Amino acid sequence: IFTGFLGAGKTTVLNHLLAGQRDKKFAVIENEFGAVPIDNELLVNSSMGLAEQVVVMENGCMCCTVRGDLLGAFDAIRQQMQTGSPLDAVLVETTGMADPVPIVRTLRQTPDIAKYFQLDGTITLVDCKTILDRLGECAEDEQDQERHSQISFADKILLNKLDLVNDQEVAEVWSRIRSYNSSSPIVPSVKGILPASELTDIGAYDLDKIEEEERPQHGGHGHSHGHGHDECHEDHGSGHGHDGHDCGDECHEAHGEHGGHGGHGGHGHESSRHNSQIGSFSIVRKGMEVEPLAFARWIRVIATLPKEKGRLYRSKGVLAASGRRRKLIFHAVADVTETSDGPEWGANEERICKMVFIGKALARQEIEERFLQVLQPLKLDLRPPLGVPVPASAFGLAQAGILQRALLCLWTKDVLRFSQSSAHFYDRCFSPEAHSAFQSAAADLPSEACKGLQTSEDLWLHGLLPLRSIGTYAIAWKKAQLQLAMPSSVVHLFGEPLSFDTWQDVEAAGVMWLELSELDGSGCVNYVTEFKWRPETMQSFFAVPGSSTSSGLVKFTVEDPSGDMELDDDLKFRVNLVPEQNEEEGAMKNLHRMSLALVGGKSSSKIYQIFFHTVDPTYQVHINVPDHRQPIFPTNEVFHQWHPLMAGLRRRPRLRFLIRLKPMDSGPLDAMCGCCG
């Protein structure tokens, strides 16, 4: 993503990329939302007009102008590549005042785009001549403060027009930039000319690279710290570099974000006066680990941080996770979060949990306290591992993974019973090695088979989650007082079980149960259900543009607290996806609005207020229905063809919802999060 203030020289840089170099082949998406193109002179071939039209330059580069449909532009470039036009990278040029976070969110959370394109980073172009005046114009109101975000969120900063300022002015610009972004590389340029390699291979979203950067280093006190104490709470100023030093049990000293850079951080004390609200801090805990589901719930909290608790620019971490052999890598840009398994912990490597937070006016104490709640001491084996395999014993079978494959055939509760038979069997079920063996066994199941199940009575989840995490899942489900209200079938007369294909599916559900368990549920009834379509119905829906579709009917009974069956209410719902017309120039086409059909609401004995929450790892939809008697409830949810919800329906024709009901006369229904209510 290529951003910068108006007049910084983005057009000059892009002209050089498109016409003046032969090293790499770029596609440039010119993000023009105005009625008149801003940088029309950029195009050597000016025959381009529509968003989906792509111009291929003589050197193999491409250019595509966007007037709203960014995803359509990526799809057009993908189609052009498939015709035989290979590329090294795509640059999305934003408008002068554009906040890059929505673009990051769109690219990272759209499966059909992420399948073909990997976000490398955000580059901000700074005009040395005018940047101080531009930043000086910023008032304290929120809209003007958005100007800082282009610098704060940048993964690399290009310092342009160095030939127009003297050394003292360059130093002041450098210092001011570091007050907003203390860690990203700064690359100087004159007249927008720089090697094409500076615009690629940033690796800002490469989780393996993040793990490598956060690996403890020796000799310097930099971003990776390398402390010799168990606990560390660090404040990072805007960057005064210094050599390594010893810390006591508590470290509150201000450190440069990259200790030892010297030149990069030489103006830290001066720059901190420019905006003292922007800063960073870190948490390091040795000999601790996170419970994966509780940590995923914490991520949801961070992603929905209220404005009064600050604005999170970046966060990243490397953590030990309970029941997992691999490092857990975390990365966040604003509310766009991602976790992934990193390399395995070394045999003699000390397990730690390390987090770094960068933002503005962050409520540090609350963030720390919430994070520390998900930490727990490392869980060690009850018995040390055997020195050599013993193939003729059950222990040998466990070491070979055969025992776990056999145990995968049991319900999870039966695996727990088996684990109580001896200390060795306990370790063979609860250890990180056991979880890897369970995962391997589940991965060998047929591709069309589910990898986890939940019925009204039993759980079968140990092929996806560590056993300790399953305990967290089950406790949260019980505390939230949830009920399954699944559609019935010929095979499952009393309702189908919840099925899970990946650990992400189970994690999304577990986080929802944890979130719900934190609320006061008095007077509220909670159901989990699925709206389903026949596969052939969904195929027809996607094959015919402009068509609509309706799910099967979901029915369940709301029992009256008095126990009087005469006062029970039978409620019926279905989900509709209806074409949405948008005649605005450059607007996305092929949109669908979601509506809810509420069947038989007028015959109910009570009036219900209802919240609908999707349960899915790739998207969240929240619908508030204040009065269930409305036959058709049109929502504000409109989905384009690349939306994760649409991608999910193509893969499996169902929508999983948490439905929360409360009678109107028993008080308001509390919202679960800031985006619903």
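Residues numbered from 1 in each chain as written. Predicted model: local features only at pLDDT ≥ 70, side-chain atom pairs only at ≥ 80, totals over all residues. Heavy atoms only, no water.

Enquirer: Would you explain the overall build of the protein chain in this entry?
Expert: Helix and strand content of the protein chain: 20 helices and 30 strands. Considering the protein chain as a whole, with its 677 residues, one finds that 52% of them fall into the buried category. A separation of at least 24 residues holds for 72% of the contacts in the protein chain among residues at least 6 apart in sequence. Carbon together with sulfur atoms contributes 51% to the accessible area of the protein chain, which is approximately 30400 Å² in total. (Helix = DSSP H or I, 4+ residues; strand = E, 2+ residues; numbered from the N terminus. Buried < 20%, exposed > 50% of the residue type's maximum accessible area, 1.4 Å probe, protein only. Contact = heavy atoms within 4.5 Å. Areas by Shrake-Rupley, 256 points an atom, 1.4 Å probe, with all protein chains shown as cover.)

Enquirer: What is the right way to read the sheet that holds strand E28 (residues 622–625) from this model?
Expert: For sheets, the rule is that strands pair by backbone hydrogen bonds, running either parallel or antiparallel. Read from one edge to the other, the open sheet built from 5 strands follows the order E20-E22-E30-E27-E28, with strand pairing classed as mixed. The two strands at the open ends of the sheet, each matched to only one other strand, are strand E20 (482–484) and E28. Pairs of neighbouring strands in the sheet enclose a mean axial angle of 25°, with direction left out of account. Here helix H18 (residues 503–517) sits on the sheet in contact with E20, strand E22 (525–532), strand E27 (608–614) and strand E30 (654–663), set at roughly 10° to E30. (Pairing = 2+ DSSP bridges. Axes fitted to C-alpha atoms, helices over the stretch in contact; angles between N-to-C directions.)

Enquirer: Help me out: how do you make sense of the packing of aromatic side chains in this one?
Expert: Pairs of aromatic rings are described using the distance from one ring centre to the other and the angle between the two planes. Under the criterion given, the structure shown has 18 aromatic pairs. An angle of 75° between the planes, with centres 4.9 Å apart, marks the rings of phenylalanine 74 and phenylalanine 117 as edge-to-face. You can see phenylalanine 74 sitting in helix H2 (residues 70–82) and its partner phenylalanine 117 sitting in the loop between helix H4 (111–114) and strand E6 (123–127), a full 43 residues away along the chain. Judged by centre distance (5.1 Å) and plane angle (70°), the ring pair of phenylalanine 153 and tyrosine 313 falls under edge-to-face. Here phenylalanine 153, found in the loop between helix H6 (142–152) and strand E7 (156–160), pairs with tyrosine 313, found in strand E13 (residues 311–319); they are 160 residues apart in sequence, far enough to count as distant. Classification of phenylalanine 153 as buried rests on a relative accessible area of 1%. Among the residues examined, tyrosine 313 registers a relative accessible area of 2% and is labelled buried. Among the aromatic residues, ring-to-ring pairing joins Phe281, Phe295, Trp298, Phe330, Phe357 and Phe371 into one connected group. Cation over ring: arginine 78 sits above tyrosine 116, and NZ or CZ is 5.1 Å from the ring centre. Here the basic side chain of lysine 327 rests over the ring of tryptophan 345, its NZ or CZ set 4.9 Å away from the ring centre. (Phe/Tyr/Trp six-rings, centres within 6.5 Å; stacked < 30°, edge-to-face > 60°. Lys NZ or Arg CZ within 6 Å of the ring centre and 35° of its normal.)

Enquirer: What is the right way to look at the pattern of salt bridges in this model?
Expert: When the charged atoms of two side chains lie near each other, side chains of opposite charge can form a pair. This model, assessed by the stated rule, comprises 26 salt bridges. Here aspartate 335 and arginine 105 are joined by a salt bridge, their closest N and O atoms 2.8 Å apart. Note that aspartate 335 is positioned in the loop between strand E14 (326–333) and strand E15 (336–344) and arginine 105 in helix H3 (residues 101–108), a separation of 230 residues in sequence. Salt-bridge contacts for arginine 108 lead to glutamate 338; the nearest nitrogen and oxygen are separated by 2.0 Å. Of this pair, arginine 108 sits in helix H3 while glutamate 338 sits in strand E15, and the two are 230 residues apart along the sequence. Its relative accessible area of 23% is what places arginine 108 among the partly exposed residues. One continuous salt-bridge network, built from bridges that share partners, spans Glu496, Glu530, Lys532, Arg654 and Arg656. (Salt bridge = Lys/Arg side-chain N within 4 Å of Asp/Glu carboxyl O.)

Enquirer: How should I be thinking about helix H17 (residues 467–479) in this particular structure?
Expert: Think of an α-helix as turning once every 3.6 residues; residues three or four places apart then point the same way. The terminal C-alpha atoms of H17, which comprises 13 residues, lie 19 Å apart, in line with the 18 Å expected from a rise of 1.5 Å per residue. Residues Leu467, Ser469, Ile470, Thr472, Tyr473, Ala476 and Trp477 constitute the buried set of H17. Positive backbone phi, approximately 55°, marks glutamine 481, located one or two places after H17. (Expected span 1.5 Å × (residues − 1).)

Enquirer: What exactly am I supposed to notice about the confidence of the model for the protein chain here?
Expert: Detail in the predicted coordinates should be disregarded across regions flagged by low pLDDT. On average, residues of the protein chain carry a pLDDT of 79, and 77% of them reach 70 or more. Put simply, helix H9 (residues 268–271) is where the protein chain has its lowest mean pLDDT, 37, and strand E19 (residues 459–460) is where it has its highest, 97. (pLDDT = per-residue confidence, 0-100.)

Enquirer: So what exactly am I meant to see when it comes to the pairing of strand E16 (residues 352–360) here?
Expert: For a regular strand, side chains alternate in direction, first toward one face of the sheet and then toward the other. Burial analysis of E16 places 9 of its 9 residues in the buried class, the great majority of the element. Residue alternation in E16 divides its side chains into two sets, Ile352, Lys354, Val356, Ile358 and Lys360 and Cys353, Met355, Phe357 and Gly359, and both sets are buried. The pairing of strand E11 (residues 278–286) with E16 spans 9 bridges and is classified as antiparallel. From the neighbouring strand, phenylalanine 281 faces E16, where its bridge partner is phenylalanine 357. Relative to E16, E13 is paired through 8 bridges, and the arrangement is antiparallel. Paired with lysine 316 across the two strands is valine 356, which belongs to E16.

Enquirer: How do you make sense of the sheet that holds strand E18 (residues 452–454) when you look at a structure like this?
Expert: Sheet architecture is open: 3 strands sit in the order E19-E18-E21, paired in antiparallel fashion. Each of the sheet's edge strands pairs with one partner strand only, and the pair in question is E19 and strand E21 (498–500). As judged from the 2 bridges shared by E18 and E19, these two strands associate in the antiparallel manner. When the bridges of E19 are listed, leucine 453 appears paired with tryptophan 460.

Enquirer: Even after reading the chapter, I still don't get the packing of helix H15 (residues 423–430) against helix H16 (residues 432–443), so can you show me in this structure?
Expert: Each packed pair of helices is defined by two parameters, the angle between the axes and the distance between the axes. Contact pair H15 / H16: the axes reach a minimum separation of 5 Å and the direction vectors enclose 55°. Taken together, the axes of H15 and H16 lie oblique to each other. Contact residues: H15 offers Asp427, Arg428, Cys429 and Phe430, while H16 offers Pro432, Ala434 and Phe438. For the contact of H15 with H16, a count of residues per class yields 5 nonpolar, no polar and 2 charged. (Parallel < 35°, antiparallel > 145°, perpendicular 65-115°, else oblique. Nonpolar A, V, L, I, M, F, W, Y, C, P; charged D, E, K, R; others polar.)

Enquirer: Can you walk me through the pairing of E27 in this structure?
Expert: Most of E27 sits out of view: 7 of its 7 residues are buried. Of the two faces of E27, the one holding Tyr608, Ile610, Phe612 and Thr614 and the one holding Gln609, Phe611 and His613 are both buried throughout. Both E27 and E30 contribute to a ladder of 7 bridges, which runs antiparallel. Paired with glutamine 609 across the strands is lysine 662, a residue of E30. Here E27 runs beside E28; their pairing, made up of 4 bridges, is antiparallel. Note on E28: the bridge partner recorded for phenylalanine 611 is asparagine 624.

Enquirer: What am I meant to see in unusual backbone geometry here?
Expert: For residues that are not glycine, phi is negative in most cases, and the peptide bond is trans in most cases. You will see that lysine 161, though not glycine, has its phi angle at about 65°, which is positive. At glutamine 481, a position not held by glycine, the phi torsion is positive, near 55°. Position of glutamine 481 among the secondary structure elements: in the loop between H17 and E20.

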